[in-house]
Amino acid sequence: MALHEVTPNRRGVRSRELVLDAAERVMAAHGFEAATLARVVEEAGIPMSSVYHYFGSKDGILLAVMERGADRFFADLPDLTGRAGRPAQHLARVVSAVIGTLERHPDFLRLLIVFAAQPPAAGQGEIQAVVRRIREHALDLLRAQIAAAFGDDPRNPVTDQLARFALAAVDGAFVATQA
């Protein structure tokens, strides 16, 4: 299964975004299984035919929600290349930036964490691949920031361990704020 390669016109772009917004809200609030196409269509206020035209299926919607969510999340992170001040100051800036981004994208992050912990059976492994790619990108960014803070190589095994710990801390902090 692959995302449909349909290039929408301006009205189609709006319809597509309405579906993705509705699907993200419904899936984050009620889970993937409870997010029926009928519920998403009702929430989006568009015809069912638009869903099939742009996404092909509920699995296609989920893939598109995750891809768009990742794009938005990572684009929203500020560029923190180069160390700013002492290591603690740099890492404080990183933490502050991540917290702000987490607060602006709670639905996407809720889906990401749920799917990381318990992937849906849908999508023939594509959902798991998207989740792995998103989390690996997050680890790459964390490795780079830790390496910048301490003037180290991002490929250093200790830097990798710290990045993995930081990602687990981010996951835990997000779960705690949502509980």
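About the criteria used
- Residues numbered from 1 in each chain as written.
- Predicted model: local features only at pLDDT ≥ 70, side-chain atom pairs only at ≥ 80, totals over all residues.
- Heavy atoms only, no water.
- Core = buried A, V, L, I, M, F, W, Y, C linked by side-chain atoms within 4.5 Å.
- Buried < 20%, exposed > 50% of the residue type's maximum accessible area, 1.4 Å probe, protein only.
- Helix = DSSP H or I, 4+ residues; strand = E, 2+ residues; numbered from the N terminus.
- Arc of directions from axis to C-beta.
- Contact = heavy atoms within 4.5 Å.
- Phe/Tyr/Trp six-rings, centres within 6.5 Å; stacked < 30°, edge-to-face > 60°.
- Lys NZ or Arg CZ within 6 Å of the ring centre and 35° of its normal.

J.: Please give an account of the nonpolar core that cites residues and values.
T.: One finds V19, M27, I61, M66, F108, F115 and I134 to be the most contacted residues of the largest nonpolar core, which totals 49 residues. For this core, the secondary structure elements donating two or more residues are α1 (10-30), α2 (37-44), α3 (48-55), α4 (58-76), α5 (87-104), α6 (106-117), α7 (126-150) and α8 (157-178). No other element matches α4, which puts nine residues into this core.

J.: Now, about α3: what can you tell me, with residues and values included?
T.: Within α3, the full set of buried residues consists of S50, V51, Y54 and F55. Along the axis of α3, the buried positions cluster into a sector of 105°, meaning they face one direction only. Just downstream of α3 lies G56, where phi reads positive at about 80°.

J.: Residues and numbers for the side chain of R68, please.
T.: Residue position: R68 is located in helix α4. The exposure class of R68 is buried, given its relative accessible area of 10%. If sequence neighbours within four positions are ignored, R68 has contacts with E17, L20, D21 and E24.

J.: Pulling in residues and values, what's your account of the environment of V26?
T.: Within the secondary structure, V26 is located in helix α1. For V26, a relative accessible area of 4% translates into the label buried. Linking V26 and T159, residues 133 residues apart in sequence, is a C-alpha distance of 37 Å. Contact partners of V26, with chain neighbours within four places excluded, come to G31, A35, R39 and E43.

J.: Mind laying out the packing of aromatic side chains, listing which residues take part and the relevant values?
T.: If you walk through the whole model with that rule in mind, you get three aromatic pairs. Plain terms: the ring middles of F32 and F115 are 6.4 Å apart, the flat faces sit at 85° to each other, and that makes the pair edge-to-face. You can see F32 sitting in the loop between α1 and α2 and its partner F115 sitting in helix α6, a full 83 residues away along the chain. Taking the relative accessible area as the measure of exposure, F115 reaches 4% and is therefore buried. Where F73 meets F74, the ring centres are 5.3 Å apart and the plane angle is 80°; that geometry is what we call edge-to-face. Taken individually, F73 and F74 each receive the classification buried, so the pair is uniform in this respect. The structure contains a cluster of three or more aromatic residues connected by ring pairs, namely F73, F74 and F108. The lysine or arginine in question, K58, covers the ring of F32, its NZ or CZ lying 4.4 Å from the ring centre.

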